[in-house]
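# Architecture at a glance
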Amino acid sequence: MKTHIHILITILIAATCTSVTAQTDTLQSSSLFKNVTADPIEGEKSLGDDFEENTIAIQLNMLHTLYSAGKFHDALQLSREIADLPHLTKEQSHDLLKYTISAYKSLDYDREADSLAKQYLKKDPFYNPDEDKDAPVLFKKVLKNYYTRPKFSVWAAIGKHTVETFHDTIRTIIDTNANARKPEYDIMGFSVQLGFEYRPSKIVSISLAPSIISYDLERTIKRTDIATFHYNETSIVFALPLYVEAALPLSREIVVPSVYAGAQMKFLVHSEYTAYTEAIGTYTEVPDMQSSTDLKNRFNYSILGGVRIKYNRRRMTYFADLGISFDMLPYNDPKKIYSNNDLLYQHFHVPDIFQMLEYSVKVGIKVNLQYKTIAKYNYGY
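Residues numbered from 1 in each chain as written. Predicted model: local features only at pLDDT ≥ 70, side-chain atom pairs only at ≥ 80, totals over all residues. Heavy atoms only, no water.

### Focus: the pairing of strand β10 (residues 353-375)
Bridge count for strand β1 (residues 146-169) against β10 is 22 bridges, and the pairing is antiparallel. Counterpart to Thr165 in the pairing with β10 is Met356. Both strand β9 (residues 316-327) and β10 contribute to a ladder of 11 bridges, which runs antiparallel. In the strand pairing of β10, Phe326 is matched with Leu357. (Pairing = 2+ DSSP bridges. Helix = DSSP H or I, 4+ residues; strand = E, 2+ residues; numbered from the N terminus.)

### Looking at helix α5 (residues 90-106)
In this model, α5 (17 residues) spans 24 Å end to end at C-alpha, consistent with the 24 Å of a helix rising 1.5 Å per residue. A large share of α5 lies buried, amounting to 14 of its 17 residues. Immediately beyond the C-terminal end of α5, within one or two residues, lies Asp108, with a positive phi of roughly 65 degrees. (Expected span 1.5 Å × (residues − 1). Buried < 20%, exposed > 50% of the residue type's maximum accessible area, 1.4 Å probe, protein only.)

### Looking at unusual backbone geometry
The phi angle at Arg314 is positive, at roughly 55 degrees, despite the residue not being glycine. Within the secondary structure layout, Arg314 lies in the loop between β8 (299-313) and β9. At Phe348, a position not held by glycine, the phi torsion is positive, near 50 degrees. Summarising the element assignment, Phe348 is placed in the loop between α8 (341-346) and β10. Residue Phe348 is classed as partly exposed on the basis of its relative accessible area of 35%.

Structure, rendered in structure tokens:
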């Protein structure tokens, strides 16, 4: 009897353990109860996002239905409710504006429709009504009354400069060659420029474009039949030009030529030189560079102009530029031409007095930051 009781108790204990284990395994692995074992906060957030997204989609579909049914007042009321919802995507915001503008236009609320049309083009300045097949007809009709143009832009350019010299005075000391009064100059420069542009009208823009220009100057002159004097100089100039640019008015602004004019301030940051005389059949040692910054007109100014051709690609503009500028003051300071004892007594050289005529070729890229919406007929309706 006792043996049977022990066997029965053992069977009941084993069955109970098996049942508990089976229930625990089922809860952990079953896909029907994922949220039971998940973090309740994360689960709640996911459900809230899905609910919100579905709510916006349903209401936008309802807005389409009300507009198609001609219930424009109801459509406007619903559009206000949708606009108050948070987390509208860019596409949803654009879709809402399309049907709100169309509903206003259907009710002859022209000012309201035009006001929202300007807001729409601020969000999407490159919208083309002819390419949007799904938009309401009245919406495309309103948008065709407007166009956009860049208001503020930034641009960067790199350039190569070639300089001609216009001489005022050339002084010689020991030069005896017949061509001694005709030194040869070779001046090249490279620039990096950053521009800030404001466009007050469709064809006129104003730019302030600080730049850094590095020049290499080589001056040679025959002193005798076998001796040539070399004066080499490098300098760095900070320039601050102000441009006024006028573009050729075209209906399709993809490739646009323009002309510009302006003035610039120039400040010579640093200059250094080396000078030596080279004779045929002798070894010539080139001296180290020495500072010549104080011998220059460190402040100068020039007038400038040029032509530019631009290729517009949405917010980006690529351009090539051919420019010319002329310095109003001499490069070397006439009051200091005898101040450098090394040049005067060691090399028998007095710096020339000349002005610089500069040609430049530049390529660059412009980014349009902000656009302005303009009515084609002064008002949209």
